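As a plain string of letters, each chain reads:
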Amino acid sequence: LRLRNQEGARHREIDGEAHEEQVRQAAEEEKLNAACHQDVVKYKDECAARDRAALCFRQKEARIKRLHAESERQQEMEEEIKSLQLEAEAREDVREYVDRCKKRDRLSLAFRAKESRRHAEWERQQADIEREETSEAIKNRAMDSRYVQLAKDKERAQKAIDAIRHAGSSFAVNPFASLLD
């Protein structure tokens, strides 16, 4: 019995050691599990902080992009307004140029009409002057021919009178022969 008791005590002691070893291993495992759990919690916190930082960064980036897009849109609007103003000014310049051209054409047409009337009047005056000169020349020629005829007639008459005065001696010669030529 004693041997059994010793054997039982040794088994109890071995069982106690085994139990202590199991408790110690369980404690170590618990420590390791606690350390792992702390590492997991720490990793989750780090991931959450990283995610928060990434979200804040993406929000800032999105805000910057929105501000940049708004700035570009504002610049595009300003450029569009400038473009529209330039187009309006160009249309106004074209309209003014067309008006100036029309006015210049009207003035040119009026000047040409005035010059045409002045030229027509000048041509009428020149025609009147030429007609008067022609009429005067015809009148002068008519008068000249009349005076020439009168002068010829007078000369013939003078020759006839001279022929009659000097015709006394010979009747064989025609005293009017010089007049007949």
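Keep in mind that this is a model prediction, so the values were computed, not measured.

Participant: For this particular structure, what's the right way to read the overall build of the protein?
Facilitator: Broken down by element type, the protein carries two helices and zero strands. Relative to the 2.2 N^0.38 estimate, which gives 16 Å for 181 residues, the radius of gyration of the protein is 73 Å and therefore markedly larger than a compact globule would have. In terms of overall dimensions, the protein has a C-alpha envelope of 235 × 30 × 15 Å along the principal axes. In the protein, which comprises 181 residues, the share counted as buried stands at 3%. Carbon and sulfur atoms make up 56% of the accessible area of the protein, which amounts to about 16,800 Å² in all. Across the protein, the centroid of the 38 positively charged side chains sits 6 Å from that of the 40 negatively charged ones.

Participant: Sorry, what's going on with the pattern of salt bridges here?
Facilitator: Note that side chains of opposite charge can pair when their charged atoms are close. Within the structure shown, the criterion is met by 12 salt bridges. The shortest N-O distance in the salt bridge between glutamate 87 and arginine 91 comes to 3.3 Å. Separated by four residues within a single helix, glutamate 87 and arginine 91 lie in helix α1 (residues 2-166), roughly one turn from each other. Its relative accessible area of 36% is what places glutamate 87 among the partly exposed residues. Its relative accessible area of 55% is what places arginine 91 among the exposed residues. Between arginine 124 and glutamate 121 there is a salt bridge, with the nearest N and O atoms lying 2.6 Å from each other. You can see arginine 124 and its partner glutamate 121 sitting in helix α1, three residues apart, about one turn around the helix.

Participant: Explain the environment of valine 41 to me, please; I cannot follow it from the model alone.
Facilitator: With respect to the element layout, valine 41 can be found in helix α1. Look at valine 41 and you get partly exposed, because its relative accessible area is 34%. Taking the C-alpha atoms as reference points, valine 41 and alanine 88, separated by 47 residues in sequence, lie 68 Å from one another.

Participant: Where do I start with a nonpolar patch on the surface in this structure?
Facilitator: On the surface, a cluster of nonpolar side chains totalling about 270 Å² of accessible area is made up of Val94, Tyr97 and Val98. Positionally, valine 94 belongs in helix α1.

Participant: Which parts of the structure should I look at to understand a negative patch on the surface?
Facilitator: On the surface, Glu72, Glu76, Glu78 and Glu79 cluster together into a patch of negative charge. Residue placement: glutamate 72 occurs in helix α1. We classify glutamate 72 as partly exposed; its relative accessible area is 36%.

The rules we used
Positions within a chain are numbered from 1, following the residues in the order the chain's sequence is written. Side-chain atom pairs in this predicted model are given and counted only at pLDDT of 80 or more, local residue features only at pLDDT of at least 70, and totals for whole chains, interfaces and linings cover all residues. Values reported for side chains reflect all heavy atoms of the structure, with hydrogen atoms and water molecules removed beforehand. In DSSP terms, a helix is any run of H or I states spanning at least four residues, a strand is any run of E spanning at least two, and both are numbered starting from the N terminus. Our radius of gyration looks at C-alpha atoms and nothing else; its globule reference is 2.2 Å times the residue count to the power 0.38. For the exposure calls, accessible area comes from a 1.4 Å probe over protein chains only, and a residue counts as buried if that area is under 20% of its type's maximum, exposed if over 50%, partly exposed in between. The method behind every accessible area is Shrake-Rupley, applied with a 1.4 Å probe, and residues are considered shielded solely by the protein chains displayed. Within this scheme the basic residues Lys and Arg register as positive and the acidic residues Asp and Glu register as negative, but His and the chain ends are omitted. For charged residues, the charge sits on one atom: NZ in Lys, CZ in Arg, CG in Asp, CD in Glu. The working definition used for a salt bridge is a side-chain nitrogen of Lys or Arg within 4 Å of a carboxyl oxygen of Asp or Glu. Two joining distances apply to patches: 9 Å for like charges and 5 Å for nonpolar side chains (Val, Leu, Ile, Met, Phe, Trp, Tyr), and every residue must have over 30% relative accessible area and no salt bridge.

Functional significance is not addressed by these values, which are geometric in nature.
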